[in-house]
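Given next are the chains, with one letter for each unit.
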Amino acid sequence: MPSLTRSEANRRAALIDVTSVEVDLDLHQGADTFGSTTTISFTCREPGASTFLDLQPHELSSLTLNGERIRPEELVDGRVVLSGLAADNTVVAAATMRYSRDGQGLHRAVDPADGEHYVYGHLFLDAAPTVFACFDQPDLKAPYAVSVTAPEGWQVLGNGGATQVSPGRWELARTHPLATYFVTVCAGPYASVRAEHDGIPLGLHARASLREPLERQAPQMFEVTRACFDYYHGLFGIRYPFGEYHQVFVPEFNAGAMENPGCVTFRDTMVFRGAAARDEVLTRSNTIAHEMAHMWFGDLVTMRWWDDLWLNESFAEYMAHRTCVEATEFTEGWVDSTVARKMWGYAAERTPSTHPVAGGAALDTQAALQDFDGISYAKGAATLRQLIAHIGDDAFIEGVSAYLREHAFGNGTLADFLGFMERASGLDLGGWSRAWLLTAGLDVIAADQESGVVTRRAPAAHPADRPHTLDVAGFTGRQEVFRVPVTALGDTTDSPELKAAPPAHLVVPNASDLTWATVALDADTLAAVPRGLADIPDPQARAVVWAALVDGVCLGTVDPRLVVQTFGAAWPAEDNESVLNRVATAVLGRVVQTFLPPAEQAGAKAVVAQAAQELLSRSEPGSTTAVLAARFLARSSADVGLLRDWAGRQHLPRGLAGDSDFRWLVVRNLAARGLVDPDSIEAVRRDDDTLAGRLGALGARAALPGAEAKEWAWRELTTNRERSNYELNALAGGFWAEDDLDVLRGYVPRYFAEVPSLSAWVGADALGRVATLAFPARVVEQATADASAAALVADGGLTPAVRRSIVDADSELREALRSRRRFDAATA
Ligand SMILES: [Zn+2]
């Protein structure tokens, strides 16, 4: 299918206005297809002109424009030309459509726990034409009236409040103007918990087999939902406009969540069937706040074209952290942002695919999909924090509120937004926005206490004069010795306050994490970090140091062994769960497995396991910290007796008896060590015959070592077209878990030869994730980098999503190669 270009979208929006859309879906036709009838009313500014309609049916039954029949053969590659337009037009399309298995379009999943079927619409980013006929672009908004026929006993939810008018027949309230990409319908025997807040009907929904955890966790989710509504209403002075507010936890969802007005969809792993760490509840609460922020940023006012994606995502990301801190119990939200989000964004800045926050080209929709990354989210949010530091919070909120009012139910652009910020602040923001929004790149910030100089170095590839508002703090033992604010303009800034401050063992630039920069720690601080990090009393500063260490490893300036050593000393003493979880994930997943040479990996894993054991021993039994510690012990331990005990549900830490997700972590570790076989994995799966259990079994089987097991997993990944998006992720995620490079090496050329062709049956959003997980990141050898370079140069039919995954993974592989060349030689 051709991807809609920006110029096509501009021409179409200049020509037509959509005034209303009626969609009638028949979900009672079996498991493979559904019926879809669409009636679109639209006006045309130049009668006699022509445009095109988007539709990707399994079979088109009939299509009329103003009562005149259009032959089905005129639908080519998802488009049909509508010519001879009148001033007022009606197009009616009736078609049979296909359900998806890749999380894009109208996805249908079967829950093995009870055999029930579930359907949800995820039309982002350009999947609407696979569900109904439309003009699929963000600035042709229209009110929707949706009706649905579904099997009796199902529940139907959507953007407008749903009413069952007769058994199996549902009508959804007509909506305010919506963009095509956030129209949705969810249908199935969903379990529900309902409430109300401030006149807004609320609903939480999940598969029937998740009813018990849904009901148990509903009070916490409702509490956050209510707090967010109150906070946003107070902040923006604009009431939530979309009627009811449903949050639906759906199976096999690609992203974290999607902001469909009135009917937000979430990945249903966020309904925790086992124990939940505080970090996970924080992330879910943050996601609730993020999606609700989109009701204003994205849904009420939508970016005109995808190049202003940041107007959606940067705002939602910023608002979510702010709301967690100011309106919920998760007052550590900014610390979480440092380790969970900014580390992701800094990694994105280091790859060749980095781009400016705003004003990117996004020449077509498939290109735009590649911008849903750490730049548009994490850097955009950090940039907004810098904007607030620059113009003040009152001006920011005043400008935001005026922007939302002015463009309500319509679309906005960067220029519109900046205009409101300039009027509210009285400042010219041209230079500021060029440096922060329109230029890619990550500055390196360093502070020298002795001279009192703060240096700022822009990357050679992306020169820019970014002004930074930050602070520098110094720590000795458990004391914060100083903290001085710095406004860094130009390459060096003299700070008399820093020079005058008493000397400290550890000097931490950007200690409050106000700005967006790589922090380069000075040599004395680096030397003091392994012993001193745990003593820093401020969790935010500790998070900044951890991020600086991991970034330093990636940049080749910090020896990965120093990070492992620091981990062993400081991690077990950490009490912030976001730091515990994210740092351990980065160290175990990336630092140990790719930056260290194979001969040192087992030893480093033992350090992680020992640290996890220490944390488990010192934590209150059954506490969320203990759960987190036990999980990392299960993932890293080489203690076969312990692993076998836990897999057999013996001697489990408190709170983990009957926790099937924990058991799969243990089985996966045993599998990667070759200590279980397919039959014993199958026996565990029979104990947990659920969606999650089947994925756990698939991941464990893919992790089994040996030529035969690898061949099975690879064929399932690359040739079995029945596999869902989540099954492909489980296979790809497990495949490289074992350590035998002699076997794994054979799959390096096969990755480049075979994974790109999955695009014949897997959608771009899903395949981008699979291609990243399946990349041979563990074979850190020049031959892998050469194969990767060759694939990118040949570009033989790489889709934009696969190409992007390879570019980023290749860049990370080269970081590991560079580090090994530098530090392995030094140790040898
Ligand atoms: Zn978002």
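Check the entry above for the structure.
To start, this report covers the structure provided alongside it. This is a predicted model, so every value here is computed, not measured.

1. Some thoughts on the overall build of the chain
- When you go through the chain residue by residue, the secondary structure sums to 28 helices and 28 strands.
- The globule rule puts the C-alpha radius of gyration for 828 residues at 28 Å, and the 27 Å found for the chain is close to it.
- Based on the C-alpha atoms only, the size of the chain along its principal axes is roughly 80 × 70 × 55 Å.
- For the chain, the accessible surface area stands at approximately 29400 Å², while carbon and sulfur atoms represent 51% of it.
- For the chain, the centre of its 73 positive side-chain charges and the centre of its 107 negative side-chain charges are spaced 3 Å apart.

2. Examining the sheet that holds strand β27 (residues 506-509)
- Pairing within the open sheet is antiparallel, and its three strands lie in the order β25-β24-β27. Pairing within the sheet leaves two strands with one partner each, and these edge strands are β25 (479-488) and β27. Averaged over neighbouring strand pairs, the angle between their axes works out to 15° when direction is ignored.
- Bridge analysis of strand β24 (residues 468-476) against β27 gives four bridges, and the strand direction is antiparallel. By the bridge assignment, F475 is partnered in β27 with L506.

3. Details of the environment of A520
- Inspection of the secondary structure puts A520 in the loop between β28 (517-519) and α12 (523-532).
- In this structure the C-alpha to C-alpha distance between A520 and T43, which are 477 residues apart in sequence, comes to 58 Å.
- Setting aside residues up to four positions removed in sequence, A520 forms contacts with V444, I445, A446 and P509.

4. Section: the coordination of the zinc ion
- Distances from the zinc ion to its protein donors, H290 (NE2), H294 (NE2) and E313 (OE), fall at 2.0 to 2.1 Å.
- Site description for the zinc ion: donor spacing in sequence, H-x3-H-x18-E. With H294 in helix α3 (residues 278-296) and E313 in helix α4 (residues 309-327), the pair connects residues that are 19 residues apart, well separated along the chain.
- Since its relative accessible area comes to 0%, H294 is described here as buried.
- Among the residues examined, E313 registers a relative accessible area of 4% and is labelled buried.

5. So, the pairing of strand β7 (residues 88-98)
- Bridge count between strand β2 (residues 33-44) and β7: 11 bridges; the pairing is antiparallel. Bridging from a neighbouring strand, F34 pairs with M97 of β7.
- Here strand β4 (residues 59-65) runs beside β7; their pairing, made up of six bridges, is antiparallel. When the bridges of β7 are listed, L65 appears paired with V91.

6. With respect to the nonpolar core
- W296, F396 and F417 are the most contacted members of the largest nonpolar core, which totals 151 residues.
- It is helix α2 (residues 211-236) that contributes the most residues to this core, 11 residues altogether.
- With residues near it in sequence (within four places) discarded, F417 still touches W310, L311, F315, L384, L387, F396, V400 and Y403.
- In terms of nonpolar packing, the next biggest core, distinct from the first, is built from 119 residues, A277, M343, A634 and A672 among them.

7. Side note on the packing of aromatic side chains
- For the structure shown, the criterion picks out 45 aromatic pairs.
- Here the aromatic rings of F34 and Y99 are separated by 5.0 Å at their centres, their planes lie at 45°, and the arrangement is tilted. Of this pair, F34 sits in strand β2 while Y99 is found in the loop between β7 and β8 (105-111), placing the two residues 65 residues apart along the sequence. The exposure classification of F34 matches that of Y99, with both residues buried.

8. Some remarks on the pattern of salt bridges
- Across all of its chains, the model carries 55 salt bridges by this definition.
- With its nearest N and O atoms 2.9 Å apart, the salt bridge here joins R778 to D739. Residue R778 is found in the loop between α26 (764-774) and α27 (782-794), and its partner D739 is found in the loop between α23 (725-735) and α24 (741-744); the two are separated by 39 residues along the sequence.
- By relative accessible area, which is 52% here, D739 ends up exposed.
- Shared partners join several salt bridges into a network, and the residues in it are R350, D551, R590, E812 and E815.

9. What about the side chain of H246?
- Position of H246 relative to the elements: it lies in strand β17 (residues 245-250).
- Among all residues touching H246, those that are not within four sequence positions of it are L157, R194, G203, H205, G262, C263 and V264.

10. Section: the environment of A382
- Inspection of the secondary structure puts A382 in helix α7 (residues 375-391).
- Residue classification places A382 among the buried positions, given a relative accessible area of 5%.
- As for A382 and E212, which are separated by 170 residues in sequence, their C-alpha atoms are 38 Å apart.
- Look past the residues within four positions of A382 in its chain and what remains in contact with it is K342, L514 and W516.

11. Brief notes about the pairing of strand β1 (residues 16-26)
- Sheet analysis places β1 next to β2, joined by 10 bridges and oriented antiparallel. In the strand pairing of β2, V23 is matched with T38.
- As paired strands, β1 and strand β10 (residues 144-149) are joined by six bridges and run parallel to one another. Bridging from a neighbouring strand, L25 pairs with V148 of β10.

Scoring rules and cut-offs
- Residues numbered from 1 in each chain as written.
- Predicted model: local features only at pLDDT ≥ 70, side-chain atom pairs only at ≥ 80, totals over all residues.
- Heavy atoms only, no water.
- Helix = DSSP H or I, 4+ residues; strand = E, 2+ residues; numbered from the N terminus.
- Rg over C-alpha atoms; globule rule 2.2 N^0.38 Å.
- Areas by Shrake-Rupley, 256 points an atom, 1.4 Å probe, with all protein chains shown as cover.
- Lys, Arg positive; Asp, Glu negative; His and termini not counted.
- Charge placed at Lys NZ, Arg CZ, Asp CG, Glu CD.
- Pairing = 2+ DSSP bridges.
- Axes fitted to C-alpha atoms, helices over the stretch in contact; angles between N-to-C directions.
- Contact = heavy atoms within 4.5 Å.
- Donors = N, O, S within 2.8 Å, 3.2 Å for Na, K, Ca; no water.
- Buried < 20%, exposed > 50% of the residue type's maximum accessible area, 1.4 Å probe, protein only.
- Core = buried A, V, L, I, M, F, W, Y, C linked by side-chain atoms within 4.5 Å.
- Phe/Tyr/Trp six-rings, centres within 6.5 Å; stacked < 30°, edge-to-face > 60°.
- Salt bridge = Lys/Arg side-chain N within 4 Å of Asp/Glu carboxyl O.

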